[in-house]
Amino acid sequence: MRTQVIWAAFGAAMMLVFCTVTHQPAAVSDTSLEEIAALRLKLKGLEESAPCPAPLVAPALVAPTYPLTGKGSHPIFVTGCGHSGTSIMLRLIGQHPRVFMFNDETNVFYRGTTLERRAKLVALEAEFLANRTTEVRFVEKTPAHVDRIGEALQTRPLGRAVMLTRDGRDVVASLKARRKNPSSEEARKKEDPHWEYAVERYMYATMKTLEAAEDPRVLVLRYEDLVKNTSGTLKVLFAFLEETYDENQIRSYHENQISYEGAKPDQNKKVSYEKQGDLRVHQQIRVNQINKPLYDGTGRYKEKPPTGLTQEELGKLKAHTKFMEYQMRLGYKWDD
């Protein structure tokens, strides 16, 4: 449940579910969308110092010419498999002066009837209006929306979705270490439910990400490109969002320490990655991570278990035909 919903605004905003937005949205260039679509998943191999191609230069935008809420608005939805870099992506986008960031997972499109989900979105927009200063659009991050992006963009057709992927070995290692409960009764009966949960979740999220990538309003980025070619990746990102890009401004996000999902950053507090099953520990790890400068967390699966994967587990993944297919489609090579 949202913690800061303005109930009076919510009651009034509910009427918007049944009303037609009368504002005329700003025109969206088909050419720019085609250019952005062609850039998806093509960051591999770019060097940090490489010059940025002309299409990646974001247009200089002035005052907003579109509504702040409703069908003519331009919200940003960040999603992807959990532990793929969605939190840091939220933080980077939220650093832009024109973007209001919700510092928790909103779960707007997660569960409930269609009408209930629409009502939650309207309530979220009411909260945005009540708390924004100069921001003209908002960004929210919910990994559980990975299979609801189609609905989100149907509801807000001028919105944008940014979906993160990451090497499946690192994702499985991270999810397994968190000690989450398995997602199905079948998985609970197996020998290692945490392993089964991690593989199941990664496979499902990747399948849904690849499906959503067909929509030109969706940008798929790899975590590895974000941390290894940060400048090039952020230029692509903000061009896709049709926002200006000030590298110093965006990459200095960690200078402004924030809370996340009620947890406060404390870099001096020692937390164990082996105890991520404790929700409070997991939240502390996450809030500390998004308040640090961007760092390279690739290759986690190579660490000593339980934070890494055993040779037996790596062998299981390599023998998993669909897993290997997804790795290849996303541009990941298997290093023996």
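A quick note: this is a predicted structure, and the numbers were derived from the prediction, not measured. (Residues numbered from 1 in each chain as written. Predicted model: local features only at pLDDT ≥ 70, side-chain atom pairs only at ≥ 80, totals over all residues. Heavy atoms only, no water.)

Novice: Even after reading the chapter, I still don't get the overall build of the chain, so can you show me in this structure?
Specialist: On a plain count of helices and strands, the chain comes out with 14 helices and five strands. Looking at the chain as a whole, 49% of its 336 residues qualify as buried. Taking contacts inside the chain between residues at least 6 apart in sequence as the whole, the part at least 24 apart equals 77%. Split by element, the accessible area of the chain, about 16,400 Å² in all, is 52% carbon and sulfur. (Helix = DSSP H or I, 4+ residues; strand = E, 2+ residues; numbered from the N terminus. Buried < 20%, exposed > 50% of the residue type's maximum accessible area, 1.4 Å probe, protein only. Contact = heavy atoms within 4.5 Å. Areas by Shrake-Rupley, 256 points an atom, 1.4 Å probe, with all protein chains shown as cover.)

Novice: Any chance you could explain the sheet that holds strand β4 (residues 160-165) here in plain terms?
Specialist: Neighbouring strands of a sheet are bound in pairs by backbone hydrogen bonds; such pairs are parallel or else antiparallel. If you trace the five strands from one edge of the open sheet to the other, you get β2-β3-β1-β4-β5, paired in parallel fashion. The outermost strands of the open sheet, each flanked by one partner alone, are β2 (99-101) and β5 (218-222). Taken pair by pair, the neighbouring strands of this sheet meet at an average axis angle of 25 degrees, ignoring direction. Taken together, the five bridges between β4 and β5 define a ladder with parallel strand orientation. Bridging across to β5, M163 finds its partner in V220. Across the sheet, helix α3 (residues 86-94) is in contact with β1 (76-80), β2, β3 (137-141), β4 and β5; its angle to β3 comes to roughly 170 degrees. Sitting on the sheet, helix α10 (residues 230-240) is in contact with β4 and β5, with an inclination near 170 degrees to β5. (Pairing = 2+ DSSP bridges. Axes fitted to C-alpha atoms, helices over the stretch in contact; angles between N-to-C directions.)

Novice: Explanation requested: the environment of G85 in the structure shown.
Specialist: When you line up the elements, G85 lands in the loop between β1 and α3. Judged by relative accessible area, G85 falls into the buried class, the value being 15%. Ignoring sequence-local partners within four residues, the contact set of G85 consists of L164 and Y223.

Novice: Explain helix α6 (residues 168-178) here, please?
Specialist: Note on helix geometry: an α-helix contains 3.6 residues per turn, so any two residues three or four positions apart are oriented the same way. Among the 11 residues of α6, 11 are classified as buried, and the element is accordingly described as predominantly covered. Every buried residue belonging to α6 is among G168, R169, D170, V171, V172, A173, S174, L175, K176, A177 and R178, and all of these are buried.

Novice: Which parts of the structure should I look at to understand the environment of G70?
Specialist: Relative to the elements of secondary structure, G70 occurs in the loop between α2 (30-39) and β1. By relative accessible area, which is 9% here, G70 ends up buried. For G70 and P157, which are 87 residues apart along the polypeptide, the C-alpha to C-alpha distance reads 9.7 Å.

Novice: Just to check I follow, could you spell out the packing of aromatic side chains for this structure?
Specialist: In this description, a pair of aromatic rings is defined by centroid distance and the angle of the planes. This structure, assessed with the given rule, holds seven aromatic pairs. On the numbers, 5.5 Å between centres and 50 degrees between planes, the contact of Y202 with F323 is tilted. With a gap of 121 residues between them, Y202 in helix α8 (residues 193-212) and F323 in helix α14 (residues 321-329) connect regions that are remote in the sequence. When its relative accessible area of 2% is taken as the criterion, Y202 is described as buried. Among the aromatic side chains, those forming a connected cluster through ring pairs are F100, F102, F128 and F138. Sitting over the face of the ring of Y223, R166 holds its NZ or CZ atom 4.6 Å from the ring centroid. (Phe/Tyr/Trp six-rings, centres within 6.5 Å; stacked < 30°, edge-to-face > 60°. Lys NZ or Arg CZ within 6 Å of the ring centre and 35° of its normal.)

Novice: Any chance you could explain the packing of α3 against α10 here in plain terms?
Specialist: Each pair of packed helices can be summarised by the angle the axes make with each other and by the distance between the axes. The contact between α3 and α10 brings their axes to 12 Å, and the two run at 65 degrees. Between α3 and α10, the interaxial angle falls into the category roughly perpendicular. Judged by the twist between their axes, the crossing of α3 over α10 is right-handed. Contacts between α3 and α10 involve M89, L92 and I93 on the former and, on the latter, L234, L237 and F238. Counted by class, the contact of α3 with α10 contains six nonpolar, no polar and no charged residues. (Parallel < 35°, antiparallel > 145°, perpendicular 65-115°, else oblique. Left-handed = near helix turned anticlockwise from the far one by under 90°. Nonpolar A, V, L, I, M, F, W, Y, C, P; charged D, E, K, R; others polar.)

Novice: Explain the pairing of β5 to me, please; I cannot follow it from the model alone.
Specialist: The side chains of a regular strand alternate, residue by residue, between the two faces of the sheet. Extensive coverage of β5 is indicated by the burial of five of its five residues. Burial along β5 is two-sided: V218, V220 and R222 and L219 and L221, pointing in opposite directions, are all buried.

Novice: Help me understand helix α4 (residues 114-131) in this model?
Specialist: The first and last C-alpha atoms of α4 sit 26 Å apart over 18 residues, in line with the 26 Å expected at 1.5 Å per residue. For α4, the complete set of buried residues consists of R117, A119, L121, V122, A123, L124, E125, A126, E127 and F128. (Expected span 1.5 Å × (residues − 1).)

Novice: Would you mind going over the nonpolar core with me for this structure?
Specialist: As a rule of thumb, nonpolar side chains are buried together in soluble globular proteins. Judged by nonpolar contacts, the single largest core of 41 residues is most densely connected at V172, Y202, V218 and L309. Counting residues per element, this core draws most heavily on α8, at nine residues. When near neighbours in sequence (up to four residues on either side) are disregarded, V172 contacts W195, A198, V199, Y202, L309 and F323. Judged by nonpolar contacts, the second largest core, of 28 residues, contains I76, M89, M101 and V287. (Core = buried A, V, L, I, M, F, W, Y, C linked by side-chain atoms within 4.5 Å.)

Novice: Help me understand the pattern of salt bridges, please; the structure alone is not making it clear to me.
Specialist: If you walk through the whole model with that rule in mind, you get 15 salt bridges. We note a salt bridge from D296 to K228, for which the minimum N-O separation is 2.9 Å. Remark: K228 occurs in helix α9 (residues 223-228) and D296 occurs in the loop between α12 (279-289) and α13 (311-318); sequence separation between them is 68 residues. Of the charged contacts, one joins E325 and R329 as a salt bridge, the two residues approaching to 3.9 Å between their closest N and O atoms. A residue pair is termed a helical-turn pair when its members lie 3 or 4 positions apart in one helix, as E325 and R329 do in helix α14 at four residues. (Salt bridge = Lys/Arg side-chain N within 4 Å of Asp/Glu carboxyl O.)

Novice: Is there a simple way to think about the confidence of the model for the chain in this case?
Specialist: Detailed reading of predicted coordinates is not advised where the pLDDT is low. On average, residues of the chain score 79 in pLDDT, and 72% of them are at 70 or above. Low pLDDT, under 50, characterises residues 3-63; the predicted model gives this stretch 86 contacts beyond four residues in sequence or across chains. In the model, residues 180-185 has pLDDT below 50 throughout and makes 11 contacts with residues more than four positions away in sequence or in other chains. (pLDDT = per-residue confidence, 0-100.)

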